[in-house]
Amino acid sequence: MLKGYGAVILDGAWLTLQLALSSMALATVLGLIGVSLRLSPVRWLAWLGDLYSTVIRGIPDLVLILLIFYGGQDIINRIAPLVGYDDYIDLNPMAAGIGTLGFIFGAYLSETFRGAFLGIPKGQAEAGAAYGMNSWQVFFRIMVPQMIRLAIPGFTNNWLVLAKATALISVVGLQDMMFKAKQAADATREPFTFFLAVAALYLVLTSVSLLALKYLEKRYSVGVKAAEL
Amino acid sequence: MIFDYNVIWDAMPLYLDGLLTTLKVLLISLFFGLLAAVPLGLMRVSKNPWVNLPAWLYTYVIRGTPMLVQLFLIYYGLAQFEAVRESIFWPWLSSATFCACLAFAINTSAYTAEIIAGSLKATPHGEIEAAKAMGMSKVRMYRRILLPSALRRALPQYSNEVIMMLQTTSLASIVTLIDITGAARTVNAQYYLPFEAYITAGVFYLCLTFILVRLFKLAERRWLGYLAPRKH
């Protein structure tokens, strides 16, 4: 049915999965940094965090990808000669893709984490302080474990959006499953077949993610009473 | 000087044309998307599985696959079939603008349908009971009570969806449309100034986003004022 292109597309799917998982890991780290900035009592740090999340969330992913991939490469090569490096520097699409998606979704996750931290009752941190914990201990022992439960729905959403956004990285030449499908479609003149196959693979990825995150949500909500309607 | 903005200044007419294209595609797809979303949202709250399931499947598949794949399926994919190429719709389906609007409208209809369904389900019980107590038929209850109240309460979430759609329209540039992103790509192709070209596009989108946020704030004040917390 796929005229021998099945294996090639599956190869691309593996790359897509790697890209998505690595970007999400980077985004989580950047999201935590972003939220620490935004909730920081230091004015200009909070302002910097807000700027990051507002600007990134106001610009389309595709524009950011083009900006960081082509623009970033351009800037690097304009600056490199100034510091005495004369060879042309080529950005690796995979590394650039992880960097870009991580940077974009870090901004979205900082928003999710902010909501989650603000959702923890104030008394919790106060009780921690009353037990003589220092602020690091309060943060990691009291706040983070409770924040995870509150952040899971937003985290799930961001992961699903990120998984789908990986398709855009094919535009800058990463040979993910979208790129491979386009090649196969051009070679066989059967675009519908191949894009449908890619759509199905993405649907599998999002469905499995939904199931996994539902399980996670259940685990982290142990001991929390749900409101019955 | 590292940056060169003279070229960008000269290309401003191109960006402004792009802005018009972006707005045109956005408005067309939002209009038809919303038009389809209302019946789909109503189907999603139905207790009859024969009504609910097709709508569920539609929103699940559309929301579970990337927009780019949907766009490619419609723009490149449909041409694979002889029957499509010979049908009376071909003049439309071979146009990039039409395909982009169609793909975006389908996409937003699925997300909006879920928003409307969620809003309908969150209707306060008392409103429904009051409508029943007044002896309203089901159709009249939906028309007079449920839909007006649910659509208003969906406004904050719908504003997010509209902003997401604004960003999604940038994909139109991949299928040759010259929207804001397309203008930036053209400028980059002509002068090789990727940083300046895409930063300018980003500023355009950022301004559009702020304007949309502002407009929706005004709309919420107008139509959701009755739900705002009381000011002392």
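- Taking an unreviewed UniProt entry as the reference, chain A is identified by name as ABC transporter belonging to Pseudomonas cremoricolorata.

## Structural notes on the overall build of chain B
Link 1 in the chain: Looking only at helices and strands, chain B has twelve helices and zero strands in total.
Link 2 in the chain: In chain B, the succession of α and β elements from N to C terminus is α-α-α-α-α-α-α-α-α-α-α-α.
Link 3 in the chain: The principal-axis extents of the C-alpha atoms in chain B amount to approximately 70 × 60 × 25 Å.
Link 4 in the chain: Within chain B, the fraction of its 232 residues that count as buried is 39%.
Link 5 in the chain: Sequence-distant contacts in chain B: of pairs separated by 6 or more residues, those separated by 24 or more amount to 77%.

## Concerning the UniProt feature "transmembrane region" (unreviewed entry) in chain A
All names here are of chain A.
Link 1 in the chain: If you check UniProt for "transmembrane region" (unreviewed entry), the listed places come out as residues 12-39, 51-71, 91-109, 150-172 and 192-213 in our numbering.
Link 2 in the chain: Structurally, residues 91-109 comprises 89% helix and 0% strand, and the distance from its first C-alpha atom to its last is 26 Å.
Link 3 in the chain: For residues 150-172, the end-to-end C-alpha separation is 35 Å, with 70% helix and 0% strand making up the annotated structure.

## Description of the environment of Ile-120 of chain A
Residue and element names in this part refer to chain A.
Link 1 in the chain: Residue position: Ile-120 is located in the loop between α4 (93-118) and α5 (122-130).
Link 2 in the chain: Taking the number of C-beta atoms within 10 Å as the measure of exposure, Ile-120 has 17 and is therefore partly exposed.
Link 3 in the chain: Residues Ile-120 and Leu-150, spaced 30 residues apart in sequence, show a C-alpha to C-alpha distance of 8.3 Å.
Link 4 in the chain: Residues within four places of Ile-120 in sequence aside, it is in contact with Met-143, Gln-146 and Met-147.

Rules and cut-offs
- Residues numbered from 1 in each chain as written.
- Chains lettered and ligands numbered in written order.
- Predicted model: local features only at pLDDT ≥ 70, side-chain atom pairs only at ≥ 80, totals over all residues.
- Helix = DSSP H or I, 4+ residues; strand = E, 2+ residues; numbered from the N terminus.
- Buried ≥ 20, exposed ≤ 12 C-beta atoms within 10 Å, placed from the backbone.
- Contact = placed C-beta atoms within 7 Å.
- UniProt positions renumbered as here; feature names shortened; annotations may be inferred.

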